[in-house]
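Listed below are the residues making up each chain.
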Amino acid sequence: MSDGERSGLSPWLVGLFGFLLYRRGRRRSDERRARDRGGGRRGPLRDVRLRDGRNAVEVMASMFEPEPDGTDVGTWRRITLDGTDAMQAAFEATLTEVAPGARSAEDVPVLLMPLGTRRRVNAVDVYATGGRLGQLPEHAVRAVGESIRATHLADDRPCAVRARIAPQPSGALGAEVLLPETFTPGGSSTGR
């Protein structure tokens with residue numbers, strides 16, 4: 001080997017490898033600290049054990065519902081959810097929790113979770129006690145998707161509204177969600 005040649009790894013490659021190891025260690029340390037504080041997760045979802053021993057998820061949510069006198073609310077409309085037959089188990093489980101033995105239920109609280117990019121909400125998933133019930137249809141996402149996300153981010157918790165679960169003509173269960181004209185951060189809420 002001549003004097004001008006070096007063997008081994010390049011210094012910048014060693015530095016990059018060291019930096020990646022450092023970041024990995026920091027990430028694990030942050031996760032461990034979050035678990036030790038009892039959070040385990042960041043955001044509105046927390047693991048909870050119910051009195052009967054079942055695991056559950058505690059969700060802090062802003063509940064939007066019409067005022068009794070109808071003032072300062074705007075227009076409320078029922079929107080039928082887009083879903084598949086695979087979601088029937090979530091409907092059944094939700095009915096078991098909110099209306100045991102019934103095939104329909106009114107005023108079921110559901111969570112609205114906006115999905116998309118930083119600039120655009122592409123879909124809004126709807127969740128209830130039993131799991132994912134489906135998505136809001138495209139016209140509803142266009143109408144209220146951005147205000148759902150703005151409210152979700154401002155309040156640091158998901159938005160919730162009332163829904164109705166009932167059998168459809170086909171016999172499968174379906175849901176209608178009561179949506180306001182717009183969502184407003186700091187609106188009427190539950191759970192605080």
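Just so it is clear, the model here is predicted, and its values are computed rather than measured. (Residues numbered from 1 in each chain as written. Predicted model: local features only at pLDDT ≥ 70, side-chain atom pairs only at ≥ 80, totals over all residues. Heavy atoms only, no water.)

## A closer look at the nonpolar core
To keep things clear, this is the line we draw: Here, nonpolar core refers to any group of buried Ala, Val, Leu, Ile, Met, Phe, Trp, Tyr and Cys residues whose side-chain atoms link them within 4.5 Å. Exposure categories follow from relative accessible area, calculated using a 1.4 Å probe and restricted to protein chains: below 20% of the type maximum is buried, above 50% is exposed, and the middle band is partly exposed. We count a stretch as a helix when DSSP gives it H or I for four or more residues in a row; a strand needs E for two or more, and each element gets its number in order from the N terminus. Pairs of residues are marked as contacts when any of their non-hydrogen atoms sit within 4.5 Å.
Formed by 33 residues in total, the largest nonpolar core has its most connected members in Val110, Leu112, Leu136, Ile148, Val177, Leu179 and Phe183. The element best represented in this core is strand E9 (residues 173–179), accounting for five residues. The residues touching Val177, leaving out its near neighbours within four places in the chain, are Arg77, Arg78, Ile79, Leu81, Val110, Val126, Val161, Arg162 and Ala163.

## Section: unusual backbone geometry
Although it is not a glycine, Asp107 sits at a positive phi angle of roughly 55 degrees. Along the polypeptide, Asp107 turns up in strand E5 (residues 105–116). Positive phi, close to 55 degrees, is recorded for Asp156, a residue that is not glycine. Secondary-structure assignment places Asp156 in the loop between helix H3 (138–155) and strand E8 (159–167).

## Describing the pattern of salt bridges
Basically, it comes down to this: Take a side-chain nitrogen of Lys or Arg and a carboxyl oxygen of Asp or Glu: if they are within 4 Å of each other, that pair is a salt bridge.
A full pass over the atoms with the stated rule returns seven salt bridges. Across the salt bridge formed by Glu92 and Arg103, the nearest N and O atoms sit 2.9 Å from each other. Taken together, the positions of Glu92 in helix H2 (residues 88–98) and Arg103 in the loop between H2 and E5 put the pair eleven residues apart, joining distant regions of the chain. Accessibility expressed as a relative area gives 40% for Arg103, which makes it partly exposed. What you see here is one network of salt bridges that share partners, running through Arg78, Glu106, Arg164 and Glu176.

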